[in-house]
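For reference, the chains in residue letters:
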Amino acid sequence: MLNRMVPTKRLRDLAQRAARGKRRAADVARFLIDIHRHCADLAVDLAHHRYQPGRGRSFWIEDPKRRCIFALPFRDRVVQHLLVDETLETIERGLAAQSYACRVGKGTHRALTRAADLTRHRNFVLRLDIRRFFPSIDHALLRSMLQRTTPPPWRWLRDLFLDAPVAVEQVAFHFAGDDLFTPLTRPHGLPIGSLTSQIWANVYLSPIDHLLGSALGLGTFVRYSDDLLVFDDDPGRLREALARIDDRLESLRLRLHPQKTRLHRTTEPVSFLGFVLQRHGDAVQIRLRHDNVVRMRQRMARTQTLFAAGALEPRDVMSQLRAWLAHARHGHTRALLQTELERLRFSRHMEVPSPAACPFG
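As a starting point, this report considers the structure included with it.

### Some details on the overall build of the chain
Scanning the chain from terminus to terminus reveals 14 helices and nine strands. Here the C-alpha atoms of the chain give a radius of gyration of 23 Å, agreeing with the 21 Å that 2.2 N^0.38 yields for 361 residues. The principal-axis extents of the C-alpha atoms in the chain amount to approximately 65 × 65 × 40 Å. Buried positions account for 47% of the 361 residues belonging to the chain.

What follows is the structure, encoded as structure tokens:
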């Protein structure tokens, strides 16, 4: 069955959206330089179900932890934007307000602000972290969850991305009813780096949100992807919630991280999204995690070397600094940032802006 032809103009708009911040990449430039032809060809391939994802590229990163990242060809990123456009409105209706990852009007810093507010008003917090979350997501369960949110004309495209052979970390967790070879024969894992993976990960954990908010009456939680904080004044209630969550995760073929899942008093330091929250009386201190500062120093050391060699322009240095500062300023970090900026020096045989000139705003 043919799909209705997607207007070429719509694909051009989606391509411009997908290209934001990536225009210097070679495959993006090649697509944009002949955008009209590429989008016209893509529209025909989609209408006739001839479209096939490209091979992509996988690589490992170590910052902030070792993870396998999958980079889609730009043409596939455009198609993923199309698929998300066709499904996101329905998906959003099924997501809880306490879920903050990859959603308009939400995001990292609003999740941090909400977590700080709950830290101020509650005595205990249950911190949960799912072990190897993206590599563990089960395809059959996810497909079932996405069925009602994906219009029939687009299910073939959803399945194409879900079933595409991509490089993901290998996991070998066994669950009730599995045999020795189930982890090898049952498809699982979403590639980190794909737009659909980010959206589908929200869908996959939405049963946990609804368990907390509806079944357990614990709406005082914040979730950012697989990082979850649940707040209450009764530690016994949070322990009961942990047992229920663990059972529900088992049915989703997921496992809690045994070291990172823990019940804390809010007067103790609790890590969340690269920061550390801690209540002091009626106030909440928000600090940058030490490893976040260490990684910034390492990145700046590389940047200084590249700048001295002439491989970076002053605007590139300032762009990197401002991006990190914009993130760091969401904590109580004024003195820390002043110290870090004062120790930075960039030099070569030309005048460059001083990093200390970055406004603190």
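### Some remarks on helix α11 (residues 235–251)
A turn of α-helix holds 3.6 residues, and therefore any two residues three or four places apart point the same way. In this model α11 runs 25 Å from its N-terminal to its C-terminal C-alpha over 17 residues, within 8% of the 24 Å that 1.5 Å per residue would give. Among the residues of α11, those classed as buried are Pro235, Leu238, Ala241, Ile245 and Leu249. Down the axis of α11, the buried side of the element spans an arc of 100°, and every buried residue falls inside it. Within α11, the exposed residues directed more than 90 degrees away from the buried face are Arg239, Glu240 and Asp247. Buried residues in α11 make contact with β3 (124–129), α10 (195–215), β5 (227–232) and β6 (262–265). Of the residues flanking the start of α11, the one acting as N-cap is aspartate 234, its side-chain oxygen 2.9 Å from the backbone nitrogen of glycine 236. One or two steps after α11, the chain reaches arginine 253, where phi turns positive at roughly 60°.

### Observations concerning the sheet that holds β3
Pairing is antiparallel in the open sheet, where four strands are placed in the order β4-β5-β3-β6. Among the strands making up the open sheet, the edge pair consists of β4 (221–224) and β6. Across the sheet, the mean angle separating the axes of adjacent strands is 15° when strand polarity is ignored. With six bridges connecting them, β3 and β5 associate as antiparallel partners. Note that in β5 the partner of leucine 126 across the bridge is valine 230. Strands β4 and β5 of the sheet are contacted by helix α5 (residues 108–121), whose axis makes an angle of about 155° with β4.

### Details of α10
Across its 21 residues, α10 extends 31 Å between first and last C-alpha, which sits within 8% of the 30 Å expected from 1.5 Å per residue. The largest bend in α10 is about 40°, located at leucine 205, with the proline proline 207 one to four residues further on. Within α10, 15 of the 21 residues are buried, which leaves the element mostly enclosed by the surrounding structure. Directly after α10, the chain includes glycine 217, whose backbone phi takes a positive value near 65°.

### Considering the packing of helix α7 (residues 139–146) against helix α8 (residues 155–163)
Viewed as axis vectors pointing N to C, α7 and α8 meet at an angle of 160°, and their least axial separation amounts to 11 Å. In terms of orientation, α7 lies roughly antiparallel with respect to α8. Every pair of crossing elements has a handedness; the one defined by α7 and α8 is right-handed. Mapping the contact onto sequence places His139, Leu142, Arg143 and Leu146 in α7 and Arg158, Asp159, Leu162 and Asp163 in α8. Within the contact of α7 with α8, the residues separate by chemical class into three nonpolar, one polar and four charged.

### Regarding the packing of aromatic side chains
Per the stated rule, a full pass over the model turns up four aromatic pairs. When the ring of tyrosine 51 is compared with that of phenylalanine 161, the centres are 6.1 Å apart and the planes differ by 50°; the resulting orientation is tilted. Here tyrosine 51, found in the loop between α3 (35–47) and β1 (57–61), pairs with phenylalanine 161, found in helix α8; they are 110 residues apart in sequence, far enough to count as distant. Each member of the pair, tyrosine 51 as well as phenylalanine 161, carries the same accessibility label: buried. Between the aromatic rings of phenylalanine 133 and phenylalanine 134, the centroid separation amounts to 5.3 Å while the plane-to-plane angle is 65°, which identifies the pairing as edge-to-face.

### Here we look at the pattern of salt bridges
Under the counting rule described, the total for this entry stands at 23 salt bridges. Here aspartate 45 makes a salt bridge to arginine 75, at a shortest N to O gap of 2.8 Å. Of this pair, aspartate 45 sits in helix α3 while arginine 75 is found in helix α4 (residues 74–93), placing the two residues 30 residues apart along the sequence. Exposure remark for arginine 75: the relative accessible area of 27% places this residue in the partly exposed category.

### Topic: the sheet that holds strand β7 (residues 270–272)
Taking strand neighbours across the sheet as the criterion, the three strands line up as β7-β8-β9 in an open arrangement whose pairing is antiparallel. The outermost strands of the open sheet, each flanked by one partner alone, are β7 and β9 (283–288). Put simply, the sheet's adjacent strands are angled 30° from each other on average, direction ignored. Note: β7 against strand β8 (residues 275–280), three bridges, orientation antiparallel.

### Side note on a nonpolar patch on the surface
On the surface, a cluster of nonpolar side chains totalling about 390 Å² of accessible area is made up of Leu180, Phe181 and Leu184. Owing to a relative accessible area of 69%, leucine 184 belongs among the exposed residues under this scheme.

### Observations concerning the environment of aspartate 159
Its place among the elements puts aspartate 159 in helix α8. Classification of aspartate 159 by relative accessible area gives partly exposed; the value is 22%. Sequence separation of aspartate 159 and histidine 109 is 50 residues, and the distance between their C-alpha atoms is 33 Å. At 3.0 Å, the side chain of aspartate 159 forms a polar contact with the side chain of arginine 158.

How each quantity is defined
- Residues numbered from 1 in each chain as written.
- Predicted model: local features only at pLDDT ≥ 70, side-chain atom pairs only at ≥ 80, totals over all residues.
- Heavy atoms only, no water.
- Helix = DSSP H or I, 4+ residues; strand = E, 2+ residues; numbered from the N terminus.
- Rg over C-alpha atoms; globule rule 2.2 N^0.38 Å.
- Buried < 20%, exposed > 50% of the residue type's maximum accessible area, 1.4 Å probe, protein only.
- Expected span 1.5 Å × (residues − 1).
- Arc of directions from axis to C-beta.
- Contact = heavy atoms within 4.5 Å.
- Polar contact = N/O pair within 3.5 Å; in protein donor to acceptor, adjacent residues only side chain to side chain.
- Pairing = 2+ DSSP bridges.
- Axes fitted to C-alpha atoms, helices over the stretch in contact; angles between N-to-C directions.
- Bend = angle between axes of the 7 residues up to and from the residue.
- Parallel < 35°, antiparallel > 145°, perpendicular 65-115°, else oblique.
- Left-handed = near helix turned anticlockwise from the far one by under 90°.
- Nonpolar A, V, L, I, M, F, W, Y, C, P; charged D, E, K, R; others polar.
- Phe/Tyr/Trp six-rings, centres within 6.5 Å; stacked < 30°, edge-to-face > 60°.
- Salt bridge = Lys/Arg side-chain N within 4 Å of Asp/Glu carboxyl O.
- Patch = residues over 30% accessible without salt bridge, like charges linked within 9 Å, V, L, I, M, F, W, Y side chains within 5 Å.
- Areas by Shrake-Rupley, 256 points an atom, 1.4 Å probe, with all protein chains shown as cover.

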